[in-house]
Amino acid sequence: MAKSIMIQGTMSGAGKSLTAGALCRIFTQDGYRTAPFKSQNMALNSYVTYDGFEMGRAQVMQAEAAMREPDVRMNPILLKPTSDVGSQVIINGVPIGNMPAKEYFKRKIEYIPVIRKAYESLAAENDIIVIEGAGSPAEINLKTNDIVNMGMAKIASSPVLLVGDIDRGGVFAQLYGTTELLDTDEKEFIKGLIINKFRGDKSILKSGLDIIESLTDKPVLGVVPYADVDIDEEDSLAERLNVKTGNGVLDIAVIRLPHISNFTDFTPFECIGDVSLRYVKNECELGEPDLIIIPGTKNTIGDLLYIRQNGLEAAVIKRAERGTAVIGICGGYQMLGMEIYDPNCTEHGGRIRGMCLLDTRTVFGDTKKTVRANGKIGDIGGVFKDLKDLPIEGYEIHMGETEVHGKSFADLNVCGSMASDGAVNGNIYGTYVHGLFDSAAVTETVIDSLMREKGIEHKNIKSFDMKAYKDKQYNKLADIVRANIDMNKIYEIMGITSKK
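Trainee: Which parts of the structure should I look at to understand the sheet that holds strand β8 (residues 94-100)?
Mentor: In any sheet, the strands associate via hydrogen bonds between backbone groups, in a parallel or an antiparallel arrangement. With mixed pairing, four strands are arranged side by side in an open sheet as β3-β6-β7-β8. If you trace the sheet from one side to the other, it starts and ends with β3 (40-42) and β8, each paired once. Neighbour-to-neighbour, the strand axes of the sheet open up by a mean angle of 25 degrees, direction not taken into account. Two strands pair when backbone bridges link them, and β3 and strand β6 (residues 77-81) are joined in this way by three bridges, in the parallel orientation. Each residue of the ladder has a partner; that of Gln-40, found in β6, is Ile-77.

Structure (structure tokens):
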């Protein structure tokens, strides 16, 4: 049975996911078969495994760091918010329906056997399990029947490292307050403290570190500097959504929908110097981009109403009519059509006019499609005509079925059967495929095509290998964390003699 270490935080965004990812890579580098685990994740960024199950992107990131294929057992419960007070509940990669938060809170204890089975199955196949908590273990209103923080530590009999975020200020109060709000038996699980996101001279922290160790009776195992690494983040706290990346000659605007999902689809553009990628929330921010992308969403109708009411929809349509290229992914593709109908209140309910830029009609049903897909792009014409016949590979996550009149975007092999995907109308393109731009050939062709359209002298865009880029980032993160925390002590806490 595997040894384990659990990463809990003083708050959301303290750095649990990245710390867990760093440890996954470090343990893997040290020769241990390692797997991540998070019993319950709340996120709109999700992923479809090769066997067709849906899981949170944070554990996908950690699996990649551990050089493992993502496995739904790593995240047996996924909550995808559909509103401020409710979420779609996904158990073992399969949606079981939408629940108000209050109802889920009452029922979550029912899922302990699911969590235990997934964890024990992973533990039987690995040397080390790196467990991630959620939010803070000191959220006293949520501690009853907890299944993701100290409740999970008890299920796994796992030692805990508590991470505090110094960048937001008050890190000593975070660490002390969190430990003091825990029950006596819960405090015993915490074996060490980590201060994260530090900027400056560590020597000025010395007196504070001594005091916090005395107050909590817990050792500080490290002070990790603010790490400049490009690794997938949790959607609700992603700093990249607020920052314009790059100073390139090409301007790509992604519509920042209230329930935006899978914004990691656009990471490849952030890594290319000729591109400026920005997320826009209103008409004033849109400007005159070279490409507009409407991303996925967990509430297609609700988010379409949002951009309709704030004027962003009209601004996009106006630019599309002037010839600006528009790409819709998943929910964004559904929005581009003539009509969306949700007869069973799967997401929002009702019937709504779409943006009328594609001749499609979408009807939501009760069955969610979560599949891997691969194929090739069709003869789509328009500004991206050179994408014809390029291979694509990715995954689909959607509730709706879309009827297409006219040209499709791609021909896909889905579960062994060929099917058409998406729709095209001039410079307007829609597809259900997440991960479209992970293909270097697709991304480079999109950029080359936009440059040509803009009248810029053709540049040879350097081939971008997304897998190699991610691997470099994981190694960089691991190096930073290894250099700034006491790994020997962490191995000792787990009861393992380090191979290093």
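Still more to cover.
Trainee: Help me understand the nonpolar core, please; the structure alone is not making it clear to me.
Mentor: Soluble globular proteins tend to bury their nonpolar side chains together. Of all hydrophobic cores here, the largest spans 69 residues; its most connected members are Ile-255, Phe-269, Phe-384 and Phe-437. Not counting residues within four places of it along the chain, the set of residues in contact with Phe-437 comprises Asp-265, Phe-266, Pro-268, Phe-269, Ile-293, Ile-327, Ile-329, Val-442, Thr-443 and Val-446. Membership of the second largest hydrophobic core comes to 49 residues, among which are Phe-37, Tyr-111, Leu-122 and Ala-153.

Trainee: Is there a simple way to think about the pairing of strand β16 (residues 291-294) in this case?
Mentor: The alternating pattern of β16 places Leu-291 and Ile-293 on one face and Ile-292 and Ile-294 on the opposite face, and all of these are buried. Direction of pairing for strand β13 (residues 250-255) relative to β16: parallel, over a ladder of three bridges. Paired with Ile-252 across the bridge in β16 is Leu-291. Note: β16 against strand β18 (residues 325-329), four bridges, orientation parallel. Paired with Ile-294 across the strands is Gly-328, a residue of β18.

Trainee: I would appreciate a short explanation of the pairing of β18 in the present structure.
Mentor: Across the five residues that make up β18, a large majority, five, are buried. Burial of β18 is two-sided: the residues Ala-325, Ile-327 and Ile-329 facing one way and the residues Val-326 and Gly-328 facing the other way are all buried. By the bridge criterion, four bridges tie β18 to strand β26 (residues 428-431) in an arrangement that is parallel. Within β26, the position partnered with Val-326 by the bridge is Ile-428.

Trainee: Got a minute to help me understand the sheet that holds β13 in this structure?
Mentor: Spatially, six strands are ordered β15-β13-β16-β18-β26-β25 in an open sheet, and the strand pairing comes out mixed. Of all the strands in the sheet, just β15 (275-280) and β25 (423-425) have a single pairing partner and so form its edges. Across this sheet, the average inter-strand angle for adjacent strands is 15 degrees, counted without regard to direction. Packed onto the sheet, helix α14 (residues 440-454) meets β13, β15 and β16 and runs at close to 120 degrees relative to β13.

Trainee: Any chance you could explain helix α8 (residues 206-216) here in plain terms?
Mentor: Since the α-helix advances by 3.6 residues per turn, residues separated by three or four positions end up pointing in the same direction. All buried positions along α8 are accounted for by Gly-208, Leu-209, Ile-212 and Thr-216. Buried residues of α8, seen end-on, are gathered within an arc of 100 degrees and therefore sit on one face of the element. Away from its buried face, by an angle of more than 90 degrees, α8 presents the exposed residues Ile-211 and Ser-214. Buried-residue contacts for α8 involve α6 (171-180), β11 (190-198) and β12 (220-225).

Trainee: Help me out: how do you make sense of the packing of aromatic side chains in this one?
Mentor: Here the distance between the centres and the angle between the planes together describe a pair of aromatic rings. Summed over all chains, the structure comprises ten aromatic pairs. A ring pair is formed by Tyr-333 and Tyr-432, whose centres lie 5.0 Å apart and whose planes are at 80 degrees; its orientation type is edge-to-face. Remark: Tyr-432 occurs in the loop between β26 and α14 and Tyr-333 occurs in helix α13 (residues 331-335); sequence separation between them is 99 residues. With a centroid separation of 5.3 Å and 45 degrees between ring planes, the pair formed by Phe-384 and Tyr-429 is classed as tilted.

Trainee: Before we go on, may I ask you to explain empty space enclosed by the protein in this structure?
Mentor: Think of a ball as big as a water molecule: rolled over the atoms, this probe shows where empty space is left. Counted under the stated rule, the structure contains two cavities of 30 Å³ or more. In this model, the largest cavity occupies a volume close to 140 Å³. Taken together, 17 residues line the largest cavity, and the ones lying closest to its centre are Thr-297, Lys-298, Cys-330, Ile-397 and His-398. Elements supplying a minimum of two residues to the lining of the largest cavity: α13, β21 (360-377) and β22 (391-404).

Trainee: Is there a simple way to think about the packing of helix α1 (residues 16-29) against helix α15 (residues 466-484) in this case?
Mentor: The angle between the axes and the distance between the axes are what describe a pair of packed helices. Viewed as axis vectors pointing N to C, α1 and α15 meet at an angle of 95 degrees, and their least axial separation amounts to 8 Å. In terms of axis orientation, α1 runs roughly perpendicular to α15. Residues Leu-18, Gly-21, Ala-22, Arg-25, Ile-26 and Gln-29 of α1 lie in contact with α15, whose contacting residues are Asp-471, Tyr-474, Asn-475, Leu-477, Ala-478, Val-481 and Arg-482. Here the residues of the contact of α1 with α15 sort into seven nonpolar, three polar and three charged.

Trainee: Would you take a moment to explain the pattern of salt bridges for this structure?
Mentor: This model, assessed by the stated rule, comprises 29 salt bridges. Here Lys-470 ties to Glu-64 by a salt bridge, and the two come within 3.4 Å at their closest N and O atoms. Note that Lys-470 is positioned in helix α15 and Glu-64 in helix α2 (residues 57-65), a separation of 406 residues in sequence. Residue classification places Glu-64 among the partly exposed residues on the basis of a relative accessible area of 24%. The residue Lys-369 makes a salt bridge to Glu-396 at a minimum N-O spacing of 3.6 Å. Here Lys-369, found in strand β21, pairs with Glu-396, found in strand β22; they are 27 residues apart in sequence, far enough to count as distant. For Lys-369, a relative accessible area of 29% gives the class partly exposed. Put simply, Glu-54, Lys-80 and Lys-368 are held in one network by salt bridges that share partners.

Trainee: What is the right way to read unusual backbone geometry from this model?
Mentor: Negative phi is the rule for most residues except glycine; trans is the rule for most peptide bonds. One non-glycine residue with positive phi stands out, namely Ser-157, at about 50 degrees. For Ser-157, a relative accessible area of 60% corresponds to the exposed category. Phi at Asp-217 takes a positive value of approximately 60 degrees, unusual for a residue other than glycine. Relative to the assigned elements, Asp-217 resides in the loop between α8 and β12. On the basis of relative accessible area, Asp-217 is assigned to the exposed category, the value being 66%.

Trainee: Would you explain the layout of surface pockets in this entry?
Mentor: Volume-wise, the second largest pocket comes out at about 790 Å³. Around the second largest pocket sit 27 residues that line it, and Tyr-47, Glu-64, Asp-438, Lys-467 and Lys-470 are the ones nearest its centre. If you list the elements that add at least two residues to the lining of the second largest pocket, you get α2, β22 and α15. Counting residues per element, the lining of the second largest pocket draws most heavily on α15, which supplies five residues. Residues of the lining of the second largest pocket, tallied by class, amount to eight nonpolar, five polar and 14 charged.

Calculation rules
- Along each chain, numbering runs from 1 in the same order as the chain's sequence is written.
- Where local features are concerned, this predicted model is filtered to residues with pLDDT of at least 70; where side-chain atom pairs are given and counted, the filter is 80 or more; whole-chain, interface and lining totals use all residues.
- Calculated side-chain values reflect all of the structure's heavy atoms, with hydrogen atoms and water omitted.
- The criterion for strand pairing is that DSSP finds at least two bridges linking the strands in question.
- Secondary structure follows DSSP: runs of H or I at least 4 residues long count as helices, runs of E at least 2 residues long count as strands, and numbering of each begins at the N terminus.
- Axes here refer to lines fitted to C-alpha atoms; in helices the fit is confined to the stretch in contact. Angles between the N-to-C directions go from 0 to 180 degrees.
- As used here, the term nonpolar core means buried Ala, Val, Leu, Ile, Met, Phe, Trp, Tyr and Cys residues forming a set that is joined through side-chain atoms within 4.5 Å.
- Only protein chains enter the accessibility calculation, which uses a 1.4 Å probe; a residue is then buried when its area is under 20% of its type maximum, exposed when over 50%, and partly exposed in between.
- The contact criterion used is simple: two residues touch if any of their non-hydrogen atoms lie within 4.5 Å.
- Along the arc lie the directions from the helix axis toward the C-beta atoms.
- Centre distance within 6.5 Å is the pairing criterion for rings of Phe, Tyr and Trp, where only the six-membered ring of Trp is used; planes under 30 degrees apart are then read as stacked, over 60 as edge-to-face, and the remainder as tilted.
- A cavity here means a set of points on a 1 Å grid, drawn over the protein atoms and nothing else, where a 1.4 Å probe fits but cannot get out; a pocket is an open set with protein on both sides within 12 Å along at least five of seven lines, and a residue lines either one if it has an atom within 4 Å of a point.
- Grid points are joined across faces, edges and corners, and a volume is the space filled by probe spheres set on the points.
- Under this scheme an angle from 65 to 115 degrees is roughly perpendicular, one under 35 degrees roughly parallel, and one over 145 degrees roughly antiparallel; angles in between are oblique.
- Polar here means any residue other than Ala, Val, Leu, Ile, Met, Phe, Trp, Tyr, Cys and Pro, which are nonpolar, and Asp, Glu, Lys and Arg, which are charged; Gly is therefore polar.
- Only one rule defines a salt bridge in this text: a Lys or Arg side-chain nitrogen within 4 Å of an Asp or Glu carboxyl oxygen.

This is a description of form; function is not addressed.
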